[in-house]
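Spelled out from the first residue to the last, the chains are:
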Amino acid sequence: MNSNLINIKYRIIIKKHLIFLVTSLLYFINPCYSQVWPRVYHYDYHVYFENVREDYDKGYVICGNHLLNVNKIHFGLVLKTDINGNKLWEKRYGEDEYSTFFTHMEKTSDGGAIFSGGTNENDNWHDPFFMKVNACYEVEWCKIISSASYNYGTYVRVLPDGSYIGMIRYYHLNGEELRITLIKFDEAGEPEWIQGLIREDTTINNAEGYHLLVTSDTNFLVSGDTGGPTPLFVLADSAGEQQWELKWGGEQWIWGGGFCTVEKGNGVFYSAGTMFCESGTPGPSIYKFSIEGGQLDDFCLLGDTISYGWAQPICAYHDSMFLIGIEWENDPEGEGFSEVLEIDTLGMIINRRLLQFEERAPEDIITTSDDKILVGGDYVITDNWEIDLFKLNANLEDDTLNPLLLNYDSLCSYQIPSDTIGLKCGVFVSIDDIPTKAEYESKLKISPNPARDWIEIGFPELEPTEILNIIVYNIYGCEVLKTITIPDRDAVSLDISAIPPGLYIILCNNLNNKVLKGKFVVSR
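Analysis parameters
- Residues numbered from 1 in each chain as written.
- Predicted model: local features only at pLDDT ≥ 70, side-chain atom pairs only at ≥ 80, totals over all residues.
- Heavy atoms only, no water.
- Pairing = 2+ DSSP bridges.
- Helix = DSSP H or I, 4+ residues; strand = E, 2+ residues; numbered from the N terminus.
- Axes fitted to C-alpha atoms, helices over the stretch in contact; angles between N-to-C directions.
- Disulfide = S-S within 2.5 Å.
- Contact = heavy atoms within 4.5 Å.
- Phe/Tyr/Trp six-rings, centres within 6.5 Å; stacked < 30°, edge-to-face > 60°.
- Lys NZ or Arg CZ within 6 Å of the ring centre and 35° of its normal.
- Core = buried A, V, L, I, M, F, W, Y, C linked by side-chain atoms within 4.5 Å.
- Buried < 20%, exposed > 50% of the residue type's maximum accessible area, 1.4 Å probe, protein only.

## Description of the sheet that holds strand β3 (residues 60-67)
Reading across from one edge, β2-β3-β4-β5-β31 is the order of the 5 strands in this open sheet, with mixed pairing throughout. Strands at the two margins of the open sheet, each flanked by one partner only, are β2 (47-54) and β31 (419-421). Across the sheet, the mean angle separating the axes of adjacent strands is 25° when strand polarity is ignored. Note: β2 against β3, 7 bridges, orientation antiparallel. Pairing of Asn 51 across the sheet is with Cys 63, part of β3.

## Structural notes on the sheet that holds strand β28 (residues 364-367)
Ordered by their spatial adjacency, 4 strands build an open sheet running β1-β30-β29-β28, and the pairing between neighbours is antiparallel. The outermost strands of the open sheet, each flanked by one partner alone, are β1 (39-41) and β28. The mean angle between the axes of side-by-side strands here comes to 20°, regardless of whether they run parallel or antiparallel.

## Examining the state of the cysteines
Counted by the stated rule, this structure contains 3 disulfides. Taken N- to C-terminal, the disulfide-bonded cysteines of the protein are connected 1-5, 2-6, 3-4. With no disulfide of its own, Cys 260 lies 8.6 Å from the sulfur of Cys 315, the closest cysteine sulfur.

## Brief notes about the environment of Tyr 48
With respect to the element layout, Tyr 48 can be found in strand β2. For the pair Tyr 48 and His 74, spaced 26 residues apart in the sequence, the C-alpha separation amounts to 9.8 Å. Sequence-distant contacts of Tyr 48, that is, excluding residues within four places in its chain, are made with Cys 63, Gly 64, Asn 65, Leu 67, His 74, Asp 378, Trp 385 and Ile 387.

## Points about the packing of aromatic side chains
Counting across every chain of the model gives 24 aromatic pairs. Geometrically, the ring pair formed by Trp 248 and Tyr 287 is tilted, given 5.2 Å between the ring centres and 55° between the ring planes. With a gap of 39 residues between them, Trp 248 in the loop between β19 (242-247) and β20 (255-263) and Tyr 287 in strand β22 (residues 282-290) connect regions that are remote in the sequence. Here the aromatic residues Phe 233, Trp 244, Trp 248, Phe 269, Tyr 287 and Phe 289 are joined through ring pairs into a cluster of three or more. Against the face of Trp 37 rests Arg 39, its NZ or CZ located 6.0 Å from the ring centre. The positively charged end of Lys 264 is found above the aromatic ring belonging to Phe 322, 4.8 Å away from the centroid.

## A closer look at the nonpolar core
Ranked by internal contacts, the top residues of the largest apolar core, which has 22 residues, are Val 78, Tyr 93, Phe 102, Phe 115, Phe 129, Met 131 and Tyr 137. Considering every element that reaches this core, the biggest residue donor is strand β8 (residues 127-133), with 3 residues.

## Description of unusual backbone geometry
Ser 447 connects to Pro 448 through a cis peptide bond whose omega is -10°. Mapped onto the secondary structure, Pro 448 falls in the loop between β33 (445-447) and β34 (454-458). Put simply, Asn 449 and Pro 450 share a cis peptide bond, and its omega is 10°. Looking at where Pro 450 falls in the secondary structure, it is placed in the loop between β33 and β34. A positive phi angle, near 55°, is found at His 318, a position not held by glycine. For His 318, the position within the fold is in the loop between β24 (308-317) and β25 (321-329). For His 318, a relative accessible area of 46% translates into the label partly exposed. One non-glycine residue, Leu 396, lies in positive phi territory at about 65°.

Set out below in structure tokens:
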């Protein structure tokens, strides 16, 4: 092993023992000093960490998953902590009868959150699953996208208008298998359109999408790999239409994927991944590219000092720095290391911090409103997987206690309990019933929706003065209203005051027998 690395390792070990002795002595002098970072969250069986976000009240919300025991199934797990990492409450989402798991969480402007994941509530396969909770972490809506194969939601983001963009892993369409697919939801969780990416590239068969970024101009950037050793980046516009794909190095064998990407400035992107370094060994790396999909540079962070490693989360830090989580080893049969590096835009290491003696990168890195660094991951320190949360200062040292007295969960009118919330969504949307983007643009536009006494129906791609037959059906397929009209513009108003509350389907066709359909809700 490189002598510098040996020195680093043993200096860290000695420092950790000294910290333990000092904090132990302080505990007996004043028990309040026993509360130090990092925080470890143990359970009776495995728990997995997905990501962490700072809440509106300066506490932290952790998204993860929980196994009851070796024979039991996952529950989606949410932990809420105060600013010092003390657990305030926890919630599990799911049922004993089936598996539910989370893959990603984002906070929403109302103090709630949106989750992506998978569930087999519908059948033995896992289906994509998206869930919105309010500020009390009560379920507002959950949507299961039923499909005929193993499938799940991999990522979700909140858009500026309050709608959502999700990413799912598999999607079968006319016998094709699409491994990276975007799905757009409105604010109420209704799927608007679905769009497969990299469909035209016959050289890519098993692509994986690991990360979804909403760019500064509200486009969608997917980071992943080709299903083999080549990093893959795909940009879609705000309508889901693919603009370009970038296979790093062309057809050259690079080694790993783009696991997480950030935008630095407008239109310059840095992604964490793995590639062969000069020594011929794969190591933690950075890819730099432009908004046009042009390769700008790449950096092998640890050079030839290691035998193996990769980088996973990356976070923009101050004006010209990044924080990046890595794992590495110097001997394939030896001990692994989990670290956080502070690097500049040229890939030079400014500072580094050992997290665990384990070959496993942290899963997420964020900065907080008090200018600290929050790092989360899952590690096997005892017999079970545990969640470790680190809060670091600018020197990558463990943070001290924050003395602020804060009012947590103030947007909820009651104290949030720790409990298990059953998730029998009862709402399944067939993946094949969701329109493609082109179909969505050509379907009926109905407003208001929900409606009371009238609706306006917009007809895309329709010439005014065309004769239209309009038929309204209830959910049982019974006709409740029929009219023939000649619109004087590309929309008509329809009186629905005689229709009782409920969900209805509209079918419209013109003389050329072009059929358009839509749904609306009557609510009084």
